Amino acid sequence: MLQGEVRILTLRSPSKLNLFLRVLRKREDGYHEIASLFQTVDLFDLMHFRKDEKDLFTCSDPSIPIDGSNLVLKALKLFRQKTGKDLPVRIDLEKRIPIQAGLGGGSSNAATTLFALNQLFETEVPTELLAAWSSEIGSDVPFFFSLGTAFCTGRGEKVQNLPKLFSSDLLLIKPKFGLSTPQVFKTMEVGSLPERSIERILNSFYEEEPQYFNDLEFAAFQLKPELKKLRQELVNQGFTTVQMTGSGTAFFCLGNGEKKIKDLFSCQVRFLNRNKDAWY
Ligand code: C5P
């Protein structure tokens, strides 16, 4: 987009769902080995980037810190370290994805920042390399460099693109409170999780009956019993699938449930995929 002399690059920064999430074991470095089917959806933040005279970062949500702990600024720092390009840049983030939701909003913002800076400064870093760099920012960041449907392993950073999935309408629901990812992982007892065949589960998403599940759900319910109650209410309202994403606290719901939901974030979404060489 051209406004006067200034080129403003506006990109969508999508959220993600974990259609299934299996936790395999705890590693010596404190992370957990996972196997998960990730899918981007069309609830997105908007991010505006432009070259400027000095650095500026703004966020439409005043509750989100805009200091060095923000993954956008971590991405900017990483880009500068890796490429040596440190021209000043202005970044404006219009936040729509709820935080502490398991929707990957912060990780998506970081990936979008790396993609945008690479365009703005014409550094021509291959997407695969941006993805590899981005695992330093967080385990979920590399996924956003996939085409939107991917099987992720390791701590989440090993990403294998998969064919697009058929998307029906999904309803996202999130209570006011959130959960911290490290706390949920810490609460979880890997030994108590049921054995499952990952291959069979993955295949189920390309056949008739997808097997949605999330090994982090039980730990999230232990930390916030209200979440378990909310899940049950949604099931009682007629949704056939009610599944937590990531470490919570958002759920995605499938089926024709009644939408009599008060005091909750809610939003209708569909799967979103990107074309190679373009962003979402
Ligand atoms: O990678 P990221 O910084 O997003 O992870 C945040 C925290 O979540 C980690 O420090 C770790 O406590 C937990 N985590 C984990 N296993 C993963 C991903 C995250 O235990 N696969």
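Residues numbered from 1 in each chain as written. Predicted model: local features only at pLDDT ≥ 70, side-chain atom pairs only at ≥ 80, totals over all residues. Heavy atoms only, no water.

Visitor: How do you make sense of the site of the ligand when you look at a structure like this?
Guide: Taken together, the residues surrounding the ligand are Gly30, Tyr31, His32, Ile34, Gly138, Ser139, Arg155, Thr181, Pro182 and Phe185. For the ligand, an oxygen atom lies 2.8 Å from a polar atom in the side chain of His32. Between the ligand and Ser139, the relevant distance is 2.5 Å, taken from an oxygen atom to a side-chain nitrogen or oxygen of the residue. For the ligand, whose accessible area on its own is 460 Å², the fraction buried by protein is 73%. Taken atom by atom, the bulk of the ligand overlaps the largest pocket. (Near = heavy atom within 4 Å. Polar contact = N/O pair within 3.5 Å; in protein donor to acceptor, adjacent residues only side chain to side chain. Areas by Shrake-Rupley, 256 points an atom, 1.4 Å probe, with all protein chains shown as cover. 1 Å grid on protein atoms, 1.4 Å probe; cavity = no way out; pocket = protein on both sides within 12 Å on 5 of 7 lines; lining within 4 Å. Sits in = over half its atoms within 2 Å of the grid points.)

Visitor: Looking at this structure, how should I read the packing of aromatic side chains?
Guide: All told, the structure shown has 11 aromatic pairs when counted by the stated rule. Taken together, a centroid distance of 4.9 Å and an interplanar angle of 45° make the contact between Phe38 and Phe143 tilted. Of this pair, Phe38 sits in strand E4 (residues 32-51) while Phe143 sits in the loop between helix H3 (127-134) and strand E7 (149-153); the two residues are 105 residues apart in sequence, bridging distant segments of the chain. For the pair formed by Phe38 and Phe143, the shared burial category is buried. With 5.0 Å between their ring centres and 80° between their planes, Trp279 and Tyr280 make a pair best called edge-to-face. Of the two residues, Trp279 and Tyr280, neither departs from the other in class, the shared state being buried. (Phe/Tyr/Trp six-rings, centres within 6.5 Å; stacked < 30°, edge-to-face > 60°. Helix = DSSP H or I, 4+ residues; strand = E, 2+ residues; numbered from the N terminus. Buried < 20%, exposed > 50% of the residue type's maximum accessible area, 1.4 Å probe, protein only.)

Visitor: Would you mind showing me how to read the layout of surface pockets here?
Guide: Rolled over the atoms, a probe with the dimensions of a water molecule shows which regions are left empty. One number sums up the size of the largest pocket: a volume of about 1200 Å³. When contributions to the lining of the largest pocket are tallied by element, the ones reaching two or more residues are strand E3 (9-26), E4, helix H1 (71-83), helix H2 (105-120) and helix H4 (181-187). In this structure, the second largest pocket spans a volume of roughly 410 Å³. Around the second largest pocket sit 21 residues that line it, and Phe115, Thr127, Glu128, Phe145 and Arg274 are the ones nearest its centre. (Points joined across faces, edges and corners; volume = space filled by probe spheres on them.)

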